[in-house]
Amino acid sequence: MIDRRTFSKAMSLGTGAAAVSLTGLHGVATASDAPGRTATAPVVPETAPGTHSSFATVKQVKAGLLDVGYAETGPRHGPVVICLHGWPYDIHSFVDVAPLLAAQGYRVIVPYLRGHGSTRFLSDRTVRNAQQSAIALDIIAFMDALKIDRAALAGFDWGSRTAGIIAALWPERVTALVSVSGYLITDVEAQKTPLAPRAELSWWYQYYFATERGRTAMETPDNRHDLTRLVWDTVSPTWDFDDATFERTAAAFENPDYAAIVVHNYRWRLGLAEGEQRYDRYEQRLATRPYIHVPTITLDAERDPFTPPGNGSTYRDRFTGKYEHRTLAGIGHNLPQEAPTAFAQAVVDAHHL
């Protein structure tokens, strides 16, 4: 989930501004450097969450270290949008977003991240590493395998971090960025600084995964199922999803590498697990908190316990290109699945910045 450094910085700023509604974008407030939504950008029709329950097909492509499973919809030669999910989620976070964007002429691609769904490592000998640069390089290799030179990247949670890293280190590959929770690039050294006790409470699972007991829970199907369901319930307190919606996503957690990838990701962020030397040069650059210059819209979910106060002010200085910020009132952590129209509109608008 969200980076603790961003959350820590935010906790010192006090209470954020209340979110309000804008015509045509229910539950959205904007804090923008631009005069509002670009006039030439089309308006995405309102679609209720849960309108769609599945993708037509899941394809596979060998890319880098992985055989990547992904969904695809929209015209083959349309501008490409790659949607990136977080934890504990999967491609179904974008099951309503994808058809909305496809109807606007975009080629929409939604990959399973390493350790999720039908994505598999090509070799049993590959380290089950989930440090941030490794996941970002997975997506670069994925784009190369599909012969995609440039794409808009849109994500939340792990997906926001991955998209932000690519935008920072390989901006020539990114046409636009939509990032839920803003700037999530991890500084491992900063992660070692304690938060206020109340803020630490939200991170219970992160500390749980730092123990062997937590690892065992993730490796045990019933415990893993109930743990991830608890996270859904607590970080999306206003989302009225049914059991079938959760179970569709929970199927992606049966990947044989899921537990290893999740546990390594959170241990690595706390400085409790080593990365690989092959990624050192990328991590050294990311530790400097590099600026992101591509056109960007950041989104905050008001009811997400990890959303910092300040209406995007805590990370505004990291974005130096064309930029807008929006806060979605009444929405929790799984923003694209809870508010698919607002998320799709942000993608369209970012493409037109």
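Conventions used here
Residues numbered from 1 in each chain as written. Predicted model: local features only at pLDDT ≥ 70, side-chain atom pairs only at ≥ 80, totals over all residues. Heavy atoms only, no water. pLDDT = per-residue confidence, 0-100. Helix = DSSP H or I, 4+ residues; strand = E, 2+ residues; numbered from the N terminus. Contact = heavy atoms within 4.5 Å. Buried < 20%, exposed > 50% of the residue type's maximum accessible area, 1.4 Å probe, protein only. Pairing = 2+ DSSP bridges. Right-handed = clockwise from strand over helix to strand, strands pointing away. Salt bridge = Lys/Arg side-chain N within 4 Å of Asp/Glu carboxyl O. Axes fitted to C-alpha atoms, helices over the stretch in contact; angles between N-to-C directions. Parallel < 35°, antiparallel > 145°, perpendicular 65-115°, else oblique. Left-handed = near helix turned anticlockwise from the far one by under 90°. Arc of directions from axis to C-beta.

Brief notes about the confidence of the model for the protein chain
Thinking step 1. Confidence along the protein chain averages 91 in pLDDT terms, with 89% of residues attaining 70 or more.
Thinking step 2. Mean pLDDT values over the elements of the protein chain span from 40, in helix H1 (residues 4–11), up to 99, in strand S4 (residues 80–84).
Thinking step 3. Every residue in residues 4–26 scores below 50 in pLDDT, and together they form 49 contacts with partners more than four places removed in sequence or on other chains.

Some thoughts on the pairing of S4
Thinking step 1. Buried residues dominate S4, accounting for five of its five residues.
Thinking step 2. Judged by which residues are buried, S4 turns out to be covered on both faces: Val80, Ile82 and Leu84 on one side and Val81 and Cys83 on the other are all buried.
Thinking step 3. As paired elements, S4 and strand S5 (residues 107–111) share three bridges and run parallel to each other. Bridge pairing in S5 links Ile82 to Ile109.
Thinking step 4. In the classification by handedness, the crossover that spans S4, the intervening helix H2 (residues 97–103) and the parallel S5 is right-handed.
Thinking step 5. Of the strand pairs in this sheet, S4 and strand S7 (residues 151–155) are connected by four bridges, and their pairing is parallel. Bridging across to S7, Leu84 finds its partner in Gly155.

As for the pattern of salt bridges
Thinking step 1. Tallying each qualifying case throughout the model produces 15 salt bridges.
Thinking step 2. In this structure, the salt-bridge partner of Lys59 is Glu72, at a minimum N-O distance of 3.2 Å. With a gap of 13 residues between them, Lys59 in strand S2 (residues 59–63) and Glu72 in strand S3 (residues 66–73) connect regions that are remote in the sequence.
Thinking step 3. Owing to a relative accessible area of 34%, Lys59 belongs among the partly exposed residues under this scheme.
Thinking step 4. Taking relative accessible area as the criterion, Glu72 reaches 17% and is therefore assigned buried.
Thinking step 5. The residue Glu276 makes a salt bridge to Arg278 at a minimum N-O spacing of 3.5 Å.

Quick look at the packing of helix H9 (residues 221–235) against helix H10 (residues 243–250)
Thinking step 1. Interaxial distance between H9 and H10 falls to 11 Å at its minimum, and their mutual angle equals 125°. Compared by their axis directions, H9 and H10 come out oblique. The handedness of the crossing between H9 and H10 is right-handed. Taking contact as the criterion, the partners of His225, Thr228, Arg229 and Trp232 in H9 are, on H10, Asp243, Thr245, Phe246, Glu247, Thr249 and Ala250.

Concerning unusual backbone geometry
Thinking step 1. Cis geometry is adopted by the peptide bond preceding Pro88, which originates at Trp87 and carries an omega value of 0°.
Thinking step 2. Its identity as a non-glycine residue notwithstanding, Asp157 has a phi of 60°, on the positive side.
Thinking step 3. For Arg289, which is not glycine, the phi dihedral falls at a positive 55°.
Thinking step 4. As for its placement among the helices and strands, Arg289 is situated in the loop between helix H12 (280–286) and strand S9 (296–301).

Some remarks on helix H8 (residues 212–219)
Thinking step 1. Those residues of H8 that sit buried are Gly214, Ala217 and Met218. All buried residues of H8 lie within an arc of 95° about the axis, which places them on one face of the element.
Thinking step 2. On the buried face of H8, the contacting elements are helix H7 (204–209), H9 and helix H11 (258–269).

Thoughts on the environment of Leu113
Thinking step 1. Mapped onto the elements of the fold, Leu113 is located in the loop between S5 and strand S6 (120–121).
Thinking step 2. Each C-alpha atom of the pair Leu113 and Asp90 lies 8.0 Å from the other, and the pair is 23 residues apart in sequence.

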